[in-house]
Amino acid sequence: LEEAAFQLQQIFRIDISIALNILGIESMRAGHYRIAYTCFKLAADRGYSKAQFNVGLCYEHGRGTEKDLEKAAFYYYQAASSCHPMAQYRYARYFLCHRPENEWDRHQKAVTFLEQAAMAGITEAQACLGVFYMRGLQPKEKRGLKYLLLAAKNGDAQSRYHVGVCYEKGLGVQQNLAEAMRHYRQSAAAGNRNSQERLRV
């Protein structure tokens, strides 16, 4: 593998970590998961954030290695620390869903990563953050609505539904049933069942 990566590096004059990551992607596409994992791991150990993210995916889904969410989170954190937006989202999602809230410093870091991913345009992070702010112990409704609107504008039908709920109930915005119905209709047209049910009522 390292010889193939070296040859690829020479042909394209690219960094060995990038070459290993490319080989990993091509191996994954071909269904050679163990080889893909090995390539990603070699590049990740050299500090390449895209490969660290890919190793996290391998651990999260059990591709080429055993499924291990703790190890996935470790590699997502490594990539997230290098400003990889999707890794920021995946680390934050893992941490907020699978770790106790009493780990305050790490909890805050997860929220910071989630905000960075949301601002980088990751729709999943925007949606997650919107719901997070709406449902917290001390809800921040205006902040939650801001992120739900971003995700809805990026095509997330579930977030569009949540925006409708905000308008219907006056959460973070003045209550406006006509605006709520508009959001429900858009969400329902995109296939959201909650919105479809809400329109039947």
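Look above for the structure.
Residues numbered from 1 in each chain as written. Predicted model: local features only at pLDDT ≥ 70, side-chain atom pairs only at ≥ 80, totals over all residues. Heavy atoms only, no water.

Here's the deal with the pattern of salt bridges
- By the definition in use, this model includes seven salt bridges.
- Between Arg29 and Glu26 there is a salt bridge whose closest N-O contact spans 2.8 Å. Within this pair, Arg29 and its partner Glu26 are both found in helix H2 (residues 16-29), separated by three residues, close to a single helical turn.
- For Glu26, a relative accessible area of 43% translates into the label partly exposed.
- A salt bridge links Glu168 to Arg198, with the shortest nitrogen-to-oxygen separation between them at 3.0 Å. Note that Glu168 is positioned in helix H10 (residues 157-169) and Arg198 in helix H12 (residues 193-200), a separation of 30 residues in sequence.
- A relative accessible area of 25% means that Arg198 is categorised as partly exposed.
- Three or more residues joined by partner-sharing salt bridges are found here, namely Glu60, Arg90 and Arg93. (Salt bridge = Lys/Arg side-chain N within 4 Å of Asp/Glu carboxyl O. Helix = DSSP H or I, 4+ residues; strand = E, 2+ residues; numbered from the N terminus. Buried < 20%, exposed > 50% of the residue type's maximum accessible area, 1.4 Å probe, protein only.)

Notes on the packing of aromatic side chains
- Counted by the stated rule, this structure contains 11 aromatic pairs.
- Measuring from centroid to centroid gives 5.9 Å for Tyr161 and Tyr184, while their planes differ by 35°, and the two rings are tilted. You can see Tyr161 sitting in helix H10 and its partner Tyr184 sitting in helix H11 (residues 177-189), a full 23 residues away along the chain. For the pair shown, Tyr161 and Tyr184 are each scored as buried.
- Taken together through their ring pairs, the aromatic side chains of Tyr37, Tyr59, Phe74 and Tyr75 make up a single cluster.
- Sitting over the face of the ring of Tyr33, Arg63 holds its NZ or CZ atom 4.6 Å from the ring centroid. (Phe/Tyr/Trp six-rings, centres within 6.5 Å; stacked < 30°, edge-to-face > 60°. Lys NZ or Arg CZ within 6 Å of the ring centre and 35° of its normal.)

Some details on unusual backbone geometry
- A positive phi angle, near 70°, is found at Cys83, a position not held by glycine.
- As for its placement among the helices and strands, Cys83 is situated in the loop between helix H5 (69-81) and helix H6 (85-98).

A look at the environment of Asn192
- Locating Asn192 in the fold gives a position in the loop between H11 and H12.
- Taking the C-alpha atoms as reference points, Asn192 and Asp156, 36 residues apart in sequence, are found 9.5 Å from one another.
- If sequence neighbours within four positions are ignored, Asn192 has contacts with Ala157, Gln158, Tyr161 and Ser187.
- Side chain to side chain, Asn192 and Gln158 meet in a polar contact 2.7 Å long.
- At 2.8 Å, the side chain of Asn192 and the backbone nitrogen of Ser195 are in polar contact. (Contact = heavy atoms within 4.5 Å. Polar contact = N/O pair within 3.5 Å; in protein donor to acceptor, adjacent residues only side chain to side chain.)

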